[in-house]
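# Observations on the three-dimensional arrangement
The primary structure of each chain is shown beneath.
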Amino acid sequence: MHFRSEVRYRGRYAPSPTGPLHFGSLVAAVASYLDAKRHDGEWQVRIDDLDPPRTVIGAADDILRTLTACGMQWDGEIVYQGQRRAAYQAALAELGKRVHVYPCACSRREIADSAVRGIEGPVYPGTCRNGMREASAHAYRIDTRGVTIAFDDAVQGRIEQNLENQIGDFVLYRADRVYTYQLAVAVDDAAQGITDVVRGADLLDSTPRQIYLLQLLNLPVPRYMHVPVAVNAAGEKLSKQTRAPAIDSQQPIPALLAALNFLGQQPPHDLARATITDLWAWAIAHWRRERIPRRREFAIPRHAE
Ligand code: GLU
């Protein structure tokens, strides 16, 4: 009789379709891909197109084409968050049964004026916790009082966060009717059966919020590994806003080698002349988590920006 192991590694790459793939997003793609392949696991791709004002038409297809040109083949169907609103709505209702989830009509201005600062800006002072003033448009927040979450990150080590003091009651559903990233990512990682989340360390501070939601929903919490984020010489994360150039899908090897170097994997120089297939064969066989720099970010050389 043939037994299959119960929990196979399943990783994912979840780009936001805000523009073409650039070096910063390629690093997260490469890290999640290699870690999945090295563990003989699956690698899924999910398009985080939840926020209509930020979504750029055609960007998702462009990212997928570039991944293909880079020789990174995903498993299964692509998941689009824009098609999963019913699941987020159900989770919001479920959370409301477990903990205090409340409507809030405070403006950013009002919050900024009355709040202490946390690690991501003002900590919501709890104004609407006991009822909000009359307003048509409102968000939904979740109570974080007394909540501390800790987890062990495979690269960044032990992380502990007091949600109440460092983040505050956070938004699950925005006044403009968009489910937030924190809610959607928790729901989707669980729905896709993701066992290992590998992504940039700019999301490290979000992880405790996602674990909190998963725990409340009685859903499995994946393992996490946050790799350093590429910043430019000015210390800004590479992004569309900082004009990071798109990866050249005609000649992806230099960018892939740069990503491997950034991740501390020390690819040999002669891989520059290898085929994509050979490059991945080397990279999968030599992937070492312990070589990844244990930092949240570092700068890439100016010519690579
Ligand atoms: N869509 C997010 C981003 O591009 C990443 C989501 C995730 O990996 O959890 O920054």
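Everything here concerns the structure above.
How each quantity is defined
- Along each chain, numbering runs from 1 in the same order as the chain's sequence is written.
- A pLDDT threshold of at least 70 governs which residues receive local features in this predicted model, and a stricter bar of 80 or more applies before side-chain atom pairs are shown or counted, although totals over entire chains, interfaces and linings include all residues.
- Side-chain measures were taken over the full set of non-hydrogen atoms in the model, leaving aside hydrogen atoms and water.
- Helix and strand assignments follow DSSP, with helices taken as H or I runs no shorter than four residues and strands as E runs no shorter than two, numbered in order from the N terminus.
- C-alpha atoms define the radius of gyration, and 2.2 Å times the number of residues to the power 0.38 defines the globule rule.
- To sort residues, take the accessible area from a 1.4 Å probe on protein chains only and compare it with the maximum for the residue type: under 20% means buried, over 50% means exposed, and anything in between is partly exposed.
- The contact rule is simple, with two residues in contact once any of their heavy atoms fall within 4.5 Å.
- Each accessible area is a Shrake-Rupley estimate made with a 1.4 Å probe; only the visible protein chains count as cover when residues are assessed.
- The charge count includes Lys and Arg as positive and Asp and Glu as negative, but it does not include His or the ends of the chains.
- For charged residues, the charge sits on one atom: NZ in Lys, CZ in Arg, CG in Asp, CD in Glu.
- Working note: the arc is built from the helix axis to C-beta atom directions.
- One heavy atom within 4 Å of a molecule or strand makes the whole residue count as near it.
- Think of a polar contact as two N or O atoms within 3.5 Å of one another; within protein, one of them needs to be a possible hydrogen donor and the other a possible acceptor, and neighboring residues in sequence only count if both atoms come from side chains.
- Residues are grouped as follows: Ala, Val, Leu, Ile, Met, Phe, Trp, Tyr, Cys and Pro are nonpolar; Asp, Glu, Lys and Arg are charged; every other residue, Gly included, is polar.
- Strand pairing is defined by DSSP finding a minimum of two bridges between the two strands.
- Lines fitted to C-alpha atoms define the axes, with helix axes restricted to the stretch in contact, and inter-axis angles between N-to-C directions lie between 0 and 180 degrees.

Let's shift gears to the overall build of the chain. Across its full length, the chain holds nine helices and 14 strands. Expected size for 305 residues packed as a compact globule is a radius of gyration near 19 Å; at 20 Å, the chain falls within 12% of this value. On the principal axes, the C-alpha backbone points of the chain span a range of 65 × 60 × 35 Å. Sorting the 305 residues of the chain into buried and exposed places 50% on the buried side. Looking at the chain alone, contacts between residues at least 24 apart form 76% of all its contacts between residues at least 6 apart. Accessible surface for the chain amounts to roughly 15300 Å². Of this, 48% is attributable to carbon and sulfur atoms. A distance of 1 Å separates the average location of the 37 positive side-chain charges in the chain from that of its 35 negative side-chain charges.

Turning to helix H9 (residues 276–286), its buried residues are Leu279, Trp280, Trp282 and Ala283. All buried residues of H9 fall inside an arc of 160 degrees around its axis, so they share one side. Looking at the buried positions of H9, the neighbouring elements they touch are helix H1 (23–38) and helix H8 (253–262).

Lining the immediate environment of the ligand, one finds Arg12, Ala14, Pro15, Ser16, Asp48, Tyr181, Val185, Arg199 and Leu203. A distance of 2.8 Å is found between a nitrogen atom of the ligand and a side-chain nitrogen or oxygen belonging to Ser16. One of the side-chain nitrogen or oxygen atoms of Arg199 is found 2.8 Å away from an oxygen atom of the ligand. Coverage of the ligand by the protein amounts to 80% of the 300 Å² it exposes when considered alone. Its residues placed into classes, the shell around the ligand shows five nonpolar, one polar and three charged.

Bringing unusual backbone geometry into the picture now. Look at Asp40: it is not a glycine, yet its phi comes out positive at around 60 degrees. Here Asp40 shows up in the loop between H1 and strand E2 (42–47). Positioned with a positive phi, Asn218 is a non-glycine residue whose angle comes to about 55 degrees. Positionally, Asn218 belongs in the loop between helix H7 (207–216) and strand E12 (223–227). Residue Asn218 is classed as exposed on the basis of its relative accessible area of 65%.

Attention now moves to the sheet that holds strand E4 (residues 101–104). Strand order in the open sheet made by the three strands is E4-E7-E10, with antiparallel pairing throughout. One side of each edge strand has no neighbouring strand; the edge strands of this open sheet are E4 and strand E10 (171–173). Mean inter-strand twist for the sheet, computed between neighbouring axes without regard to direction, equals 40 degrees. Judged from the four bridges that link them, E4 and strand E7 (residues 139–142) form a sheet pairing that is antiparallel. Residue pairing in the sheet places Cys104 in a bridge with Ala139 of E7.

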